[in-house]
Amino acid sequence: MSVAEPLATARWRNYVMESGDGLESFWRTHFRQERHVLFILGKGFDPRACLGLRSLLEAGGAGRRDIMAVEFDEGPSSPSKAYRPLVEENWTALQALVEGRATLSVRVVRIWSDDGRRIGARSAAALFSTFGDVSGYTDIVVDISALPRGIYFPLIAKILHLLDTTPENTGRRPNLHVVVAENPLLDRCIQDDGIDETAAYLHPFGASLEMEATADHPKVWIPVLGERQGTQLVRIYDLVMPDEIAPVLPSPSVNPRRSDDLLLEYRELLFDRLRVEPSNFIYACERNPFEVYRQIGRAVFHYREALQPLGGCKVVLSALSTKLLSVGTLLVAYELKQKRVEIGVAHVECQGYTIGAARGGGGSQADSELFGLWIAGECYEP
Amino acid sequence: MREPRNPFRLRASEHIESDATFLRLFEPAMLDVLPNEELWERVYILRSAPGGGKTSLMRLFTPQVLMTLHAYRGREECRELYSRLQDLGVIGEAGPRLLGVMLSCSRNYATLADLALDEARKERLLYGLLNARVVLAALRGAVALKRLEYPAGVERLTVEAIPQGEGLPGLGLPCKGNVLYEWAKKVEADVCDALDSFGPSHYHALPGHDVLASLRLIAPDILTLDGNPIAERVLVMFDDVHKLTAGQREKLLAALIESRASVSTWVAERFEALSTDQMLSSGATAGRDYDRVIPLEQFWREGGKKQRFERLLINIADRRARAATAVEMDSFASCLQASLEGAPWQDRMASAVKDVSDRVRSLVGNSPRYQEWLSARETMKGTASEILLGWRTLEILIERDKRKAQASFDFALSTEELEHREGSDVQAAAELFLARELRLPYYFGPSRLAGLASSNIEQFLRLAGDQFEEAVSAALLRKPTDLPPDRQEAIIRRAVDQLWEEIPQRVANGGEVRKLLQAVGEFAKWATYQPNAPYSPGVTGIAVSMTDRDRLRQQRSAPGTPAFHLARAIACAIQHNLLEPFLDYRVKGDRWMVLYLNRALCVRFALPLHYGGFREQTVAELCQWLEHGFRPRKEPTLI
């Protein structure tokens, strides 16, 4: 097999991604014709919650606009409870935004089972059960700015699955877009609080990884590194127990020293405890999730090829960086799962979030940059 | 992967890939936790906070490790371990005599509970998955033990029919090992595919079993090679049982008890497996057959095993130090200076003698009552530190006596009386006070480092690893590798600060837990640093009466109440070994639950590392602490 093969067959080797003014322009062009849109967003405290919707609604265009706010309760002891007023503030802003322009509904995702276990991923995947749930739309937009990974990973994967597995004769399949408002300053202020004791594989990526029958297959772990994730890294490592670690560093990046800073932050963990080989690092542009998708895809291909004599390998991905980059992780996980690769997404949840001192400066929304990723639909059709 | 520069960083046994390295680092004294009798006849539960050593202990009994041990039995570092396992009947001159099957319960089982199925069906799926995995793990172990290729070697194994045994759907007995292998593989794959599926459920077609029959399938008389048992004994070790749902855990434990299989079973779980109620009652399951709980931290904490545990830790540290590639070091203790006998400290103490003795003289004034005590100190011989300690001890004793003796006559107290009152606890308090007053290091040396472990091996490795890192760096720079006391303490403080900062992230309800610990710590500090050191050497814990404890347990169903939050914070703190519980402690005519601060947290609050000093608190008071923090009463302290 040639080195070019993974790219040649990669689903998202060509892609559509816009940001900032380019995204607004894209919306305006896209909505010139009548389109019925289902816009899904998180009902949370994140000040970026409404940015994507505002951008879309301001683009105008004819057709139905249905807004689905996903509400999730992180539990009675969640530190996020302290930000209830911010949630209400966002909700009021959202209601004002959609007034007369769209319908607004709320869907609740259960995070905890009655006996106190996390079931958020399965609940999120269950928001849509058949193609009929989305067939009435031309476009589905998932804004992940105010959604946690444990929800938007299974949600987007499920929608993709429904779109992919529906026979063509059932009608035109909707476009699927993902929107995220990036704001590194704000991301730095929002900290995970009460991180779960143990990591887990996110549904639907991971059950096959834990099979006893293939326990002797080497495991390759590819974590996409971000700041202040030391505890999460350790807990995911404890779950995965990889034979090989290939961390992804953001490069090129706006701050050219960001990769160095990350290496300094995790020096002891990566080199002393986990004994990562320096040659194993993968580099991907911090502002392009498709680059992450491509680099991870290529690495997986090479690992599988090299480890074929041992029966192949299992691959575990972890998204510990920005939401934008985590979309790349999701796409590669989805595609590899479709190709029957033993793939998992290891993740550790937290009980909630605390907002650091920089929040409340008022400029957080202005500092955000909107990214739009068109990941399924007409642009990929022949 | 590369060889470790600092082997202390390889904390959990799972992080140590090589069996040879694992054996080199494994300290045989860890086997002390196993009971001397009925080790193979009963179901045992190893329970601890994270890092207690459960998985390491279990890994020791797996085939590859035992085979490596057998190969290395002549080596000095493995000799004692080999001998201990020989005594247990685990290994012999011919090789391993036990087939250890280790299985983590963290994999998918809990997810079964989320499927849209009735309870009976879920239970069948649970047993189905467990059966498949026990079989697969046993086959892999058996093949390894017989030095065959996996999975090709399973073909040579035979599975006999089980006398009066329940059948398993889809499996005809007797059969060859490969038939059993394919059967188990399919059962597991079907269940896992369904769990990862996006599509509509077809769960009703999934394989399920009524009983945990796999234990019988792998018994020595059933699973054989050329008509002979694979090993004389089979031990199945279920790790991470806390990852099962509460219902699944109960079912598994019950199934193990009821199993008529001639295999031994051990279960390892964290305290998380227990509810708040169970945590507060120390997980008591009295009257059950599986009530052979081995609580690891508690085992080392109680029954005068402090010194044994300290030795265990130092041995572990020595083994790690010897495994370092960057430096040659035979003993970890050689990295740590253990006294303040060096010139800078002695000079500082010598210059402080005058201040402290002047303070004592001023305290005594013209009273004849303490003249003999004063004379005894003035004529005392010794090093500067001994003389200083003598004066500071005297100051505490006079403070005490003055508080008691206000109504008594001013008779002179004899030197015999001084010696009588001058116990080691008062001297320990004096040492602590001096460290604080003169900014002398207090937390240094191998013994105190071991004390900071709070009976948890991982915590020790974390603290010791930081010290070793510094020693390795010093060696690379060709500087002395024995760290001076002040440097040791600075490293420890940095590690403790980090531990403290991590609590909200690491621990469930971490914010609440840290507030409680902060209040307990501040209270302990306030109570310790009274001029008369009333609870010498100091207070490091609180006690709740067992009656109050029972009230707390009842509050578990009343969410939102202050007592509910308190109960939850205490339970979470115990789960993570941040509070060390001693139940049913009898004192002052009552029974108490004593909660000591984790010893590492004692550093944060400048407390001694001794146990025994605690103060009783009511639930109402503790609820106040949790809400508003500790507020000291208006009494003079040294703080």
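Predicted, not measured: the structure shown is a model, and the values here were computed from it. (Residues numbered from 1 in each chain as written. Chains lettered and ligands numbered in written order. Predicted model: local features only at pLDDT ≥ 70, side-chain atom pairs only at ≥ 80, totals over all residues. Heavy atoms only, no water.)

## What about the overall build of chain A?
Stage number 1. Counting its secondary structure elements, chain A contains 12 helices and 16 strands.
Stage number 2. Against the 2.2 N^0.38 benchmark of 21 Å for 382 residues, chain A shows a C-alpha radius of gyration of 20 Å, consistent with a compact globule.
Stage number 3. Here the C-alpha coordinates of chain A stretch approximately 60 × 50 × 45 Å along the principal axes.
Stage number 4. Counting every position in chain A, which comprises 382 residues, the buried fraction comes to 61%.
Stage number 5. Here the analysis covers contacts within chain A between residues at least 6 apart in sequence; of these, 84% occur between residues at least 24 apart.
Stage number 6. Carbon and sulfur atoms form 51% of the exposed surface of chain A, whose accessible area is close to 14,600 Å².
Stage number 7. Each charge sign in chain A was given a centre, from 41 positive and 50 negative side chains, and these centres are 3 Å apart. (Helix = DSSP H or I, 4+ residues; strand = E, 2+ residues; numbered from the N terminus. Rg over C-alpha atoms; globule rule 2.2 N^0.38 Å. Buried < 20%, exposed > 50% of the residue type's maximum accessible area, 1.4 Å probe, protein only. Contact = heavy atoms within 4.5 Å. Areas by Shrake-Rupley, 256 points an atom, 1.4 Å probe, with all protein chains shown as cover. Lys, Arg positive; Asp, Glu negative; His and termini not counted. Charge placed at Lys NZ, Arg CZ, Asp CG, Glu CD.)

## Description of the sheet that holds strand S10 (residues 264–270) of chain B
Residues and elements named next belong to chain B.
Stage number 1. Strand order in the open sheet formed by 5 strands is S4-S9-S10-S1-S11, and the pairing between neighbours is parallel. Strand pairing shows two members of the sheet lacking a second neighbour, strand S4 (98–104) and strand S11 (292–295), which therefore form its edges. Strand after strand, the sheet turns through a mean of 20 degrees between neighbouring axes, direction not considered.
Stage number 2. Strand direction decides the pairing type here: strand S9 (residues 233–239) and S10, joined by 4 bridges, are parallel. Paired with Met 237 across the two strands is Trp 266, which belongs to S10. (Pairing = 2+ DSSP bridges. Axes fitted to C-alpha atoms, helices over the stretch in contact; angles between N-to-C directions.)

## Focus: the domain arrangement of chain A
All names here are of chain A.
Stage number 1. When cut into domains, chain A gives domain 1 (13–182 + 360–380) and domain 2 (197–348).
Stage number 2. Here domain 1 and domain 2 have C-alpha centroids that lie 26 Å from each other.
Stage number 3. Between domain 1 and domain 2, the residue contacts involve 29 residues of the former and 24 residues of the latter.
Stage number 4. The largest per-residue losses of area from domain 1 upon contact with domain 2 belong to Tyr 15, Arg 149 and Phe 153, which jointly make up 29% of the total buried on that side. (Domains from an automatic or database assignment. Buried area = accessible area lost by both parts, 1.4 Å probe.)

## Description of helix H9 (residues 246–258) of chain B
Residue and element names in this part refer to chain B.
Stage number 1. In this model H9 runs 18 Å from its N-terminal to its C-terminal C-alpha over 13 residues, within 8% of the 18 Å that 1.5 Å per residue would give.
Stage number 2. Taken together, the buried positions of H9 are occupied by Gln 248, Arg 249, Leu 252, Leu 253, Ala 255 and Leu 256. The buried residues of H9 occupy an angular sector of 160 degrees when projected down its axis, which confines them to one face. Away from its buried face by more than 90 degrees, H9 exposes Ala 246 and Glu 258.
Stage number 3. The elements touched by buried residues of H9 are strand S1 (44–48), helix H5 (109–112), helix H6 (119–145), helix H8 (214–217), S9 and S10. (Expected span 1.5 Å × (residues − 1). Arc of directions from axis to C-beta.)

## Quick notes on the pattern of salt bridges
Stage number 1. On inspection of all chains with the given rule, the structure shows 58 salt bridges over all chains.
Stage number 2. A:Glu88 is paired through a salt bridge with A:Arg84; the nearest N and O atoms lie 3.5 Å apart. Taken together, the residues span about one helical turn, with A:Glu88 and A:Arg84 both in helix H4 (residues 84–98) at a distance of 4 residues.
Stage number 3. A relative accessible area of 38% means that A:Arg84 is categorised as partly exposed.
Stage number 4. One salt-bridge network, held together by shared partners, links A:Glu212, A:Asp216, B:Arg107 and B:Arg140. (Salt bridge = Lys/Arg side-chain N within 4 Å of Asp/Glu carboxyl O.)

## Section: the packing of helix H21 (residues 510–528) of chain B against helix H25 (residues 619–628) of chain B
Residue and element names in this part refer to chain B.
Stage number 1. Put simply, H21 and H25 touch, their axes get as near as 8 Å, and they point 115 degrees apart. When the interaxial angle is binned, H21 and H25 end up roughly perpendicular. In this structure, H21 meets H25 at a crossing whose hand is right-handed. Between H21 and H25, the residues in contact are Glu 512, Lys 515, Leu 516, Ala 519, Val 520 and Phe 523 and Trp 625, Leu 626 and Glu 627, respectively.
Stage number 2. Among the residues forming the contact of H21 with H25, the class breakdown is 6 nonpolar, no polar and 3 charged. (Parallel < 35°, antiparallel > 145°, perpendicular 65-115°, else oblique. Left-handed = near helix turned anticlockwise from the far one by under 90°. Nonpolar A, V, L, I, M, F, W, Y, C, P; charged D, E, K, R; others polar.)

## Here we look at the side chain of A:Lys337
Stage number 1. Assignment of secondary structure puts A:Lys337 in helix H12 (residues 323–338).
Stage number 2. Of the side chains with opposite charge, B:Asp196 lies nearest to the buried A:Lys337, which makes no salt bridge, at 4.1 Å.
Stage number 3. Among the polar contacts made by the side chain of A:Lys337, one reaches the main-chain carbonyl oxygen of A:Pro204 at a distance of 3.2 Å.
Stage number 4. Setting aside residues up to four positions removed in sequence, A:Lys337 forms contacts with A:Pro204, A:Phe205, A:Ile343, B:Asp196 and B:Phe198. (Polar contact = N/O pair within 3.5 Å; in protein donor to acceptor, adjacent residues only side chain to side chain.)

## Quick word on the interface of chain A and chain B
Stage number 1. Between chain A and chain B, the contact holds 49 residues from the first and 51 residues from the second.
Stage number 2. Area buried by chain A at its contact with chain B is led by A:Arg122, A:Glu212 and A:Arg275, which between them contribute 19% of it.
Stage number 3. Connecting chain A to chain B are 4 salt bridges.
Stage number 4. The partner of B:Arg107 in a salt bridge is A:Glu212, with the nearest N and O atoms 2.5 Å apart.

## Quick look at the sheet that holds strand S13 (residues 579–587) of chain B
Note: strands within a sheet are paired through backbone hydrogen bonds, in either parallel or antiparallel orientation.
Residue and element names in this part refer to chain B.
Stage number 1. Spatially, 4 strands are ordered S13-S14-S12-S15 in an open sheet, and the strand pairing comes out mixed. The open sheet terminates on both sides in strands that have one partner only, identified here as S13 and strand S15 (614–616). When the angles between neighbouring strand axes are averaged without regard to direction, this sheet yields 30 degrees.
Stage number 2. Pairing geometry for strand S12 (residues 541–545) and S15, over 3 bridges, is parallel. Directly across from Ile 542, in S15, lies its bridge partner Arg 615.
Stage number 3. Lying over the sheet, H21 contacts S12, S13, strand S14 (590–597) and S15, oriented at roughly 100 degrees with respect to S14.

## Concerning the environment of A:Gly352
All names here are of chain A.
Stage number 1. On the secondary structure map, Gly 352 appears in strand S15 (residues 350–355).
Stage number 2. The buried category is assigned to Gly 352, whose relative accessible area is 0%.
Stage number 3. Considering only alpha carbons, one finds Gly 352 and Val 37, 315 residues apart in sequence, at a separation of 30 Å.

## Some thoughts on the environment of B:Leu25
Stage number 1. Assignment of secondary structure puts B:Leu25 in helix H1 (residues 19–25).
Stage number 2. Along the primary structure B:Leu25 and B:Lys305 are separated by 280 residues, whereas in three dimensions their C-alpha atoms are 22 Å apart.

## Things to note about the packing of aromatic side chains
Residue and element names in this part refer to chain A.
Stage number 1. Taken as a whole, this structure holds 31 aromatic pairs over all chains when the rule is applied.
Stage number 2. A centroid spacing of 5.6 Å and a plane angle of 55 degrees characterise the contact between Phe 26 and Trp 374, whose relative ring orientation is tilted. Placement of the pair is Phe 26 in helix H2 (residues 20–30) and Trp 374 in strand S16 (residues 369–376), with a sequence separation of 348 residues.
Stage number 3. On the basis of relative accessible area, Phe 26 is assigned to the buried category, the value being 16%. (Phe/Tyr/Trp six-rings, centres within 6.5 Å; stacked < 30°, edge-to-face > 60°.)

## Examining the pairing of S12(B)
Residue and element names in this part refer to chain B.
Stage number 1. S12 sits mainly inside the fold: 5 of its 5 residues count as buried.
Stage number 2. The two faces of S12 match: Gly 541, Ala 543 and Ser 545 on one face and Ile 542 and Val 544 on the other face are all buried.
Stage number 3. Pairing geometry for S12 and S14, over 5 bridges, is antiparallel. Paired with Ser 545 across the bridge in S14 is Trp 592.

## Section: the packing of helix H14 (residues 371–378) of chain B against helix H15 (residues 384–404) of chain B
All names here are of chain B.
Stage number 1. Axis separation between H14 and H15 bottoms out at 10 Å; the angle between their running directions is 170 degrees. Relative to H15, the element H14 is oriented roughly antiparallel. Counted together, Trp 373, Leu 374, Arg 377 and Glu 378 of H14 and Gly 390, Trp 391, Thr 393, Leu 394, Leu 397 and Ile 398 of H15 form the full contact between these two elements.
Stage number 2. Residues that form the contact of H14 with H15 fall into these classes: 6 nonpolar, 2 polar and 2 charged.

## Describing the environment of B:Gly89
Residue and element names in this part refer to chain B.
Stage number 1. Looking at where Gly 89 falls in the secondary structure, it is placed in the loop between helix H4 (76–87) and strand S2 (91–92).
Stage number 2. The sequence separation of Gly 89 and Arg 233 amounts to 144 residues, and the corresponding C-alpha distance is 9.1 Å.
Stage number 3. If near-sequence neighbours (up to four positions away) are discounted, Gly 89 is found in contact with Arg 97 and Arg 233.

## With respect to the side chain of B:His242
Stage number 1. Position of B:His242 relative to the elements: it lies in the loop between S9 and H9.
Stage number 2. Overall, B:His242 belongs to the buried group, its relative accessible area being 9%.

## As for the confidence of the model for chain A
Stage number 1. The predicted model of chain A has a mean per-residue pLDDT of 89, with 94% of residues at 70 or higher.
Stage number 2. Scored below 50 in pLDDT, residues 358–363 of chain A makes 6 contacts in the model with residues more than four places away or belonging to other chains. (pLDDT = per-residue confidence, 0-100.)

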